[in-house]
Amino acid sequence: MKKKLFERLFLFYCLLLLFTAISILFERETRTVSVVVIVDKEDFGSPSSLDAVRNALSFSGVELEKNFKIALKIKFFDAWNFPAGKENLDAETAYDNVRQISKTKNADIVIAYTSKPIYEMIFTEIDGEYAPFPSLCYGSTIVLGNSALVGINEHINLATLHEIYHIFGAEHVVDPEISIMRSPMTSAKDLYIRNFNIVM
């Protein structure tokens, strides 16, 4: 009787040890991603703009840590001189400036913020020919890049997370309708990310 009890206890402890080892193997450690944040010089003096930026980064950090075990660590927070004196920004030109800045910073990601309208050129068919047309956007980045441009407006939280997901490899999706990666964005619900190729 004692032998059978001992065998059962031994088997139970072996299984418990096996399950513990398997769970440790499959549990990811949190990866820390360093972020340099630059804010339009004309917004840098505005407490409400800086609060909006901080809240957006906090929102994104919570979502990234909860869903992918990625922690954002703000390494540097400073004014961005490029947009000074401009009424609006061309997304491509502004993004190129952010990319140039990213080459001088020792960080994983550089995110630039501005309250000025950001326009990107899209091509629209008019009478059988394609013509460039300026379109207002919430942000801009390149999939698998290391820099992002985000507007300070009512969409700042979702736009920040959307652009960070692009940096990690996510692409725009058409379906499902409610997705952070839908263009234009609609909601943070039902995150749907394709090609999320990160080695953790």
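Residues numbered from 1 in each chain as written. Predicted model: local features only at pLDDT ≥ 70, side-chain atom pairs only at ≥ 80, totals over all residues. Heavy atoms only, no water.

*Asks:* Honestly, the overall build of the protein in this entry has me stumped. Any pointers?
*Replies:* Helix and strand content of the protein: five helices and eight strands. When the helices and strands of the protein are placed in sequence order, the string is α-β-α-α-β-β-α-β-β-β-β-β-α. Across the protein, every contact between residues at least 6 apart in sequence was considered, and the portion connecting residues at least 24 apart equals 63%. Surface summary for the protein: the accessible area is close to 12,400 Å², and the carbon and sulfur share equals 56%. (Helix = DSSP H or I, 4+ residues; strand = E, 2+ residues; numbered from the N terminus. Contact = heavy atoms within 4.5 Å. Areas by Shrake-Rupley, 256 points an atom, 1.4 Å probe, with all protein chains shown as cover.)

*Asks:* Explanation requested: helix α5 (residues 156–167) in the structure shown.
*Replies:* Between its terminal C-alpha atoms α5 stretches 16 Å, which fits the 16 Å expected from twelve residues at 1.5 Å a residue. The buried fraction of α5 amounts to ten of the twelve residues, a majority that puts the element mostly inside the structure. Looking only at α5, the buried set comprises Ile156, Ala159, Thr160, Leu161, His162, Glu163, Ile164, Tyr165, His166 and Ile167. Where α5 is buried, its residues touch α3 (47–68), β2 (70–80), β4 (109–114), β7 (139–141) and β8 (147–151). In the stretch just after α5, Gly169 is the one whose phi turns positive, near 115°. (Expected span 1.5 Å × (residues − 1). Buried < 20%, exposed > 50% of the residue type's maximum accessible area, 1.4 Å probe, protein only.)

*Asks:* What's the story with the pairing of β8 in this structure? I'm lost.
*Replies:* Regular strands place their side chains on alternate faces of the sheet. With five of its five residues buried, β8 lies for the most part within the structure. A two-sided burial pattern is seen for β8, the buried positions comprising Ser147, Leu149 and Gly151 on one face and Ala148 and Val150 on the other. In the sheet, β4 pairs with β8 via five bridges, with the strands oriented parallel. Its bridge partner lying in β8, Ile111 is registered against Ala148. When β7 meets β8, the two strands line up antiparallel, connected through three bridges. In the sheet register, Gly139 faces β8, and the bridge partner there is Val150. In this antiparallel pair of consecutive strands, β7 and β8, the connection spans five residues, and Leu144 shows a positive phi of 65°. (Pairing = 2+ DSSP bridges.)

*Asks:* Looking at this structure, I do not really get the sheet that holds strand β1 (residues 31–40). What am I missing?
*Replies:* Sheets are built from strands that pair by backbone hydrogen bonding, the pairs being arranged parallel or antiparallel. Pairing is mixed across the open sheet formed by five strands, whose spatial order is β2-β1-β4-β8-β7. Only two strands of the sheet have a single neighbouring strand rather than two, namely β2 and β7. In this sheet, neighbouring strand axes are inclined to one another by 20° on average, regardless of whether the strands run parallel or antiparallel. The pairing of β1 with β2 spans ten bridges and is classified as parallel. Residue pairing across strands places Asp40 opposite Trp80, the latter belonging to β2. (Axes fitted to C-alpha atoms, helices over the stretch in contact; angles between N-to-C directions.)

*Asks:* So what exactly am I meant to see when it comes to the packing of aromatic side chains here?
*Replies:* To describe a pair of aromatic rings, one takes the distance between the centres and the angle between the planes. Tallied over the entire structure, the rule returns three aromatic pairs. Summarising the aromatic geometry, the rings of Phe44 and Phe77 are spaced 6.2 Å apart at their centres and angled 40° between planes, so their arrangement reads as tilted. In this pair, Phe44 sits in helix α2 (residues 41–44) while Phe77 sits in strand β2, placing the two residues 33 residues apart along the sequence. One residue, Lys86, lies across the ring of Phe82, its end atom 4.4 Å from the ring centre. (Phe/Tyr/Trp six-rings, centres within 6.5 Å; stacked < 30°, edge-to-face > 60°. Lys NZ or Arg CZ within 6 Å of the ring centre and 35° of its normal.)

*Asks:* Is there a simple way to think about the confidence of the model for the protein in this case?
*Replies:* Do not read the predicted coordinates in detail wherever pLDDT is low. For the protein, per-residue confidence averages 83 on the pLDDT scale, and residues scoring 70 or more make up 76% of the total. Note on residues 185–200: pLDDT under 50 across the span, and 57 contacts to partners over four residues away in sequence or across chains. (pLDDT = per-residue confidence, 0-100.)

*Asks:* Looking at this model, I keep getting lost on the sheet that holds strand β3 (residues 89–90). Mind explaining?
*Replies:* Spatially, the three strands line up as an open sheet ordered β3-β5-β6, and their pairing is mixed. The outermost strands of the open sheet, each flanked by one partner alone, are β3 and β6 (129–137). Sheet analysis places strand β5 (residues 118–126) next to β6, joined by nine bridges and oriented antiparallel. Among the inter-strand pairings, Tyr119 is bridged to a residue of β6, identified as Leu136.

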